[in-house]
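The lines below spell out each chain.
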Amino acid sequence: MKKFKEDFLWGASSSAFQIEGAWNEDGKGESVADFNSFKLSNKQADTTVASDFYHHYEDDIKLMKKMGMKAYRFSIAWSRIIPDGDGEINQKGIDFYNRVIDCLIKEGMIPLVTLYHFDLPLALAKKYNGWENRACVHAFSRYAQTCFQAFGDRVKYWQPINEQNLMIRVDERMNMWDTPKEDCERVRAQMDYHMFLASAQAINNCHEMISDAKIGPAVSSTMTYPATSRPMDVWAAKMNDNFKTNYALEMYCYGEYPGYYKEYLNKMDIAPKTEPTDTDILKNAKPDFIAVNYYRTLMAGYFPIDEEHPFGTRVRDIDFDLAGYFKIMPNPELKASEYGAQIDPTGLRILLNEYHRQFRLPMIITENGLGTADKLTSDGEVKDPYRISYLHDHIEACYDAIQDGVELFGYCPWSAMDLLSSHQGFKKRYGFIYVDRTDFDLKDLKRIPKDSFYWYRKVIKNNGLSD
Ligand code: BG6
């Protein structure tokens, strides 16, 4: 029997734009996530309805309770609270999240709240080009303080920004469609820096405003294997982790970029503009934990600066290659999901140990899961043994990491229920609870617990794995 600590937070995750729907109801403003590629290609798998959590939240939370969840990680839509990002506060938005939080607490669940999960208010993108402008830092700070004030009496776990280190590479989330190509990396570096500043400010404000709250960054975690045992490939694999995740963790935890990252910014002549007071804000912000989002691992080899790259240089992609440092390639040792995510529970154990060694902070898994096209049988069931196997092996890796000495206090896989995938609509499902709709047909949005729901319920009840 692999048992976890009594107070281990078994839960599940979601985010506002992927689950709520009601994109323009009760005063909500538009966000950049309402205008993603699905919308532009005119499919229905968009944020207008999503899983319609906005109208089903009570029943959905009851189902989560039935599964035994002790915690629920979700995000607040900034544009529901402040429709244009930095103007008037929308009381109806606050009322909605008050209802959700109260309902969770009534059902005995702990709310873990993310303030910003890929859904910048569109008005800020239009007015300031979003994070390029320091005005966006002030807007976020005011929004965060509004949330701490409104919900801080009941919400004690916060994450300022979800996966900034991944989002910064996704042009549609950063509203960078029209940025001239030659200016992209400079703008990106400025946006990234402003988000770090906003995050630090939120950590400081949270500590000041809610004395018993804990707050920490949610990162998209990368674990990279070297393509060979050649020293330069080993270095390349490390640099891939450094450029994709570790530079961000170092900024969150130590308040400054590491040397290799500063050098890169200077070499490219894209170092962000800073102000003298920033240093104190960044250095004072001490996260209480790291929220780890983990799905897969990567493999990388050295990418000499003058070699013609066989996979094509893709500096804008989340799995970008960087000439002079690393190029990504498939790992022949691992099986991948149908969407190309290389499944690797051991990678999770390695990564948790690495973060523990370097940052000595408690950690919680806030995302982990398998996105597939689940099928509803004619008997109205969803058989998803592949998901059970994926989650089982990753929970086992968490257990092993804890035995190694890692301080892990919770596991919240992605996702509680089916929701809009960030890139593949409703055909790619992650949930324990099936939502009966497709990309093109809303059907009745009926909620149907999958086999994995009953399996996870047992895991939670047993407080661990029995095999
Ligand atoms: C994470 C995001 O990066 O991955 C989620 O925080 C996202 O919002 C999840 O849904 C899975 O990715 P995708 O593209 O399969 O939805």
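Residues numbered from 1 in each chain as written. Predicted model: local features only at pLDDT ≥ 70, side-chain atom pairs only at ≥ 80, totals over all residues. Heavy atoms only, no water.

As annotated in an unreviewed UniProt entry, the protein carries the name Glycosyl hydrolase and is attributed to Xylocopilactobacillus apis. For the record of the protein, the UniProt heading Sequence similarities (unreviewed entry) holds the text "Belongs to the glycosyl hydrolase 1 family." (UniProt positions renumbered as here; feature names shortened; annotations may be inferred.)

Asker: How would you explain the overall build of the protein if you had to name every residue and give the values?
Answerer: A count of helical and extended segments in the protein gives 16 helices and 16 strands. A compact globule built from 467 residues should have a C-alpha radius of gyration of about 23 Å, and the protein, at 21 Å, falls within 12% of that. Seen through its principal axes, the protein has C-alpha atoms that stretch 60 × 50 × 45 Å. Sequence-distant contacts in the protein: of pairs separated by 6 or more residues, those separated by 24 or more amount to 76%. Of the roughly 18,200 Å² of accessible surface on the protein, a fraction of 51% belongs to carbon and sulfur atoms. (Helix = DSSP H or I, 4+ residues; strand = E, 2+ residues; numbered from the N terminus. Rg over C-alpha atoms; globule rule 2.2 N^0.38 Å. Contact = heavy atoms within 4.5 Å. Areas by Shrake-Rupley, 256 points an atom, 1.4 Å probe, with all protein chains shown as cover.)

Asker: Describe unusual backbone geometry, and please don't skip the residues or the numbers.
Answerer: In this structure, S415 follows W414 across a cis peptide bond, with omega equal to 10 degrees. Relative to the elements of secondary structure, S415 occurs in the loop between strand 13 (408-411) and strand 14 (433-435). Positive phi, close to 45 degrees, is recorded for A50, a residue that is not glycine. Relative to the helices and strands, A50 resides in the loop between helix 2 (37-40) and helix 3 (53-67). Judged by its relative accessible area of 0%, A50 falls in the buried class. Although it is not a glycine, K443 sits at a positive phi angle of roughly 45 degrees. (Buried < 20%, exposed > 50% of the residue type's maximum accessible area, 1.4 Å probe, protein only.)

Asker: Summarise the sheet that holds strand 4 (residues 110-116); cite the residues concerned and give the values.
Answerer: Spatially, the nine strands line up as an open sheet ordered 6-5-4-3-2-13-12-9-7, and their pairing is parallel. The open sheet has two edge strands with one neighbour each: strand 6 (214-215) and strand 7 (218-220). Across four bridges, strand 9 (residues 290-293) lies against strand 12 (residues 363-367) in parallel orientation. Residue pairing for strand 12: A291 is matched across the bridge by I364. Contacting strand 4, strand 5 (157-161) and strand 6, helix 7 (residues 135-151) runs over the sheet at an angle of about 160 degrees to strand 4. (Pairing = 2+ DSSP bridges. Axes fitted to C-alpha atoms, helices over the stretch in contact; angles between N-to-C directions.)

Asker: Any chance you could break down the site of the ligand for me, citing the residues and the numbers?
Answerer: Inspection of the region around the ligand gives 13 residues, with Q18, E163, S422, K428 and Y430 positioned closest. Here an oxygen atom of the ligand sits 2.9 Å away from a polar atom, N or O, in the side chain of N162. Residue E163 places a side-chain N or O atom 2.4 Å away from an oxygen atom belonging to the ligand. Alone, the ligand offers 380 Å² of accessible surface; in the complex the protein occludes 92% of this. (Near = heavy atom within 4 Å. Polar contact = N/O pair within 3.5 Å; in protein donor to acceptor, adjacent residues only side chain to side chain.)

Asker: Talk me through the UniProt feature "active site" (unreviewed entry) in the protein; I want residue IDs and the actual numbers.
Answerer: Using the residue numbers shown here, the UniProt feature "active site" (unreviewed entry) corresponds to E367. Structurally, the position occupied by E367 is in strand 12. Take E367: its relative accessible area is 5%, and that puts it in the buried class. Excluding anything up to four places from it in sequence, E367 contacts R73, H117, N162, E163, V292, N293, Y294, Y295, C412 and W414.

Asker: Any chance you could break down the packing of aromatic side chains for me, citing the residues and the numbers?
Answerer: Counting across every chain of the model gives 49 aromatic pairs. Positioned over the ring face of Y339 is K428, at 4.6 Å from the centre of the ring. (Phe/Tyr/Trp six-rings, centres within 6.5 Å; stacked < 30°, edge-to-face > 60°. Lys NZ or Arg CZ within 6 Å of the ring centre and 35° of its normal.)

Asker: Tell me about the pattern of salt bridges, residues and numbers included.
Answerer: As enumerated under the stated definition, the model contains 31 salt bridges in all. Note that R154 is salt-bridged to D153, the shortest N-O span being 3.0 Å. (Salt bridge = Lys/Arg side-chain N within 4 Å of Asp/Glu carboxyl O.)

Asker: An account of the pairing of strand 2 (residues 9-13) is needed here, citing residue identities and associated values.
Answerer: Within strand 2, five of the five residues are buried, which leaves the element mostly enclosed by the surrounding structure. Pairing of strand 2 with strand 13, which is carried by two bridges, proceeds in the parallel orientation. Across the sheet, residue L9 finds its bridge partner in strand 13, namely G410. With three bridges joining them, strand 2 and strand 3 (residues 71-75) adopt parallel strand pairing. Across the sheet, residue G11 finds its bridge partner in strand 3, namely A71.

Asker: Go over the sheet that holds strand 11 (residues 326-329), please, and point to the residues and values.
Answerer: Strand order in this open sheet of three strands is 8-10-11, and the pairing throughout is mixed. Two strands bound the open sheet, and with one partner strand each, they are strand 8 (224-226) and strand 11. With direction set aside, neighbouring strand axes in the sheet form an average angle of 40 degrees. Two elements, strand 8 and strand 10 (residues 298-302), share three bridges in a ladder whose sense is parallel. Bridge pairing in strand 10 links T224 to L298.

Asker: Requested: an account of the packing of helix 10 (residues 184-209) against helix 11 (residues 231-254), with residues and values cited.
Answerer: For any two helices packed against each other, one specifies the inter-axial angle together with the distance between the axes. Between helix 10 and helix 11, the least distance of the axes is 10 Å, while the angle of their chain directions is 40 degrees. Viewed along their axes, helix 10 and helix 11 form a crossing whose handedness is right-handed. Residues D192, Y193, F196 and S199 of helix 10 touch helix 11, and the partners they reach there are Y247, A248, M251 and Y252. Grouping the constituent residues of the contact of helix 10 with helix 11 by class yields six nonpolar, one polar and one charged. (Left-handed = near helix turned anticlockwise from the far one by under 90°. Nonpolar A, V, L, I, M, F, W, Y, C, P; charged D, E, K, R; others polar.)

Asker: Break down helix 7 for me, with residues and values.
Answerer: Owing to its 3.6 residues per turn, the α-helix brings residues three or four apart onto one side. Between its terminal C-alpha atoms helix 7 stretches 24 Å, which fits the 24 Å expected from 17 residues at 1.5 Å a residue. Along helix 7, the positions that sit buried rather than exposed are C136, V137, A139, F140, S141, Y143, A144, T146, C147, F148 and F151. (Expected span 1.5 Å × (residues − 1).)

Asker: Provide a residue-level description of the pairing of strand 4, including the pertinent values.
Answerer: Consecutive side chains of a regular strand alternate in pointing toward one face of the sheet and then the other. Of all seven residues that make up strand 4, six are buried, and the element is covered over most of its length. The sheet contact formed by strand 3 and strand 4 spans five bridges and is parallel. In the strand pairing of strand 4, F74 is matched with V113. Pairing between strand 4 and strand 5: four bridges, direction parallel. Looking at strand 5, one finds that L112 is bridged to Y157.

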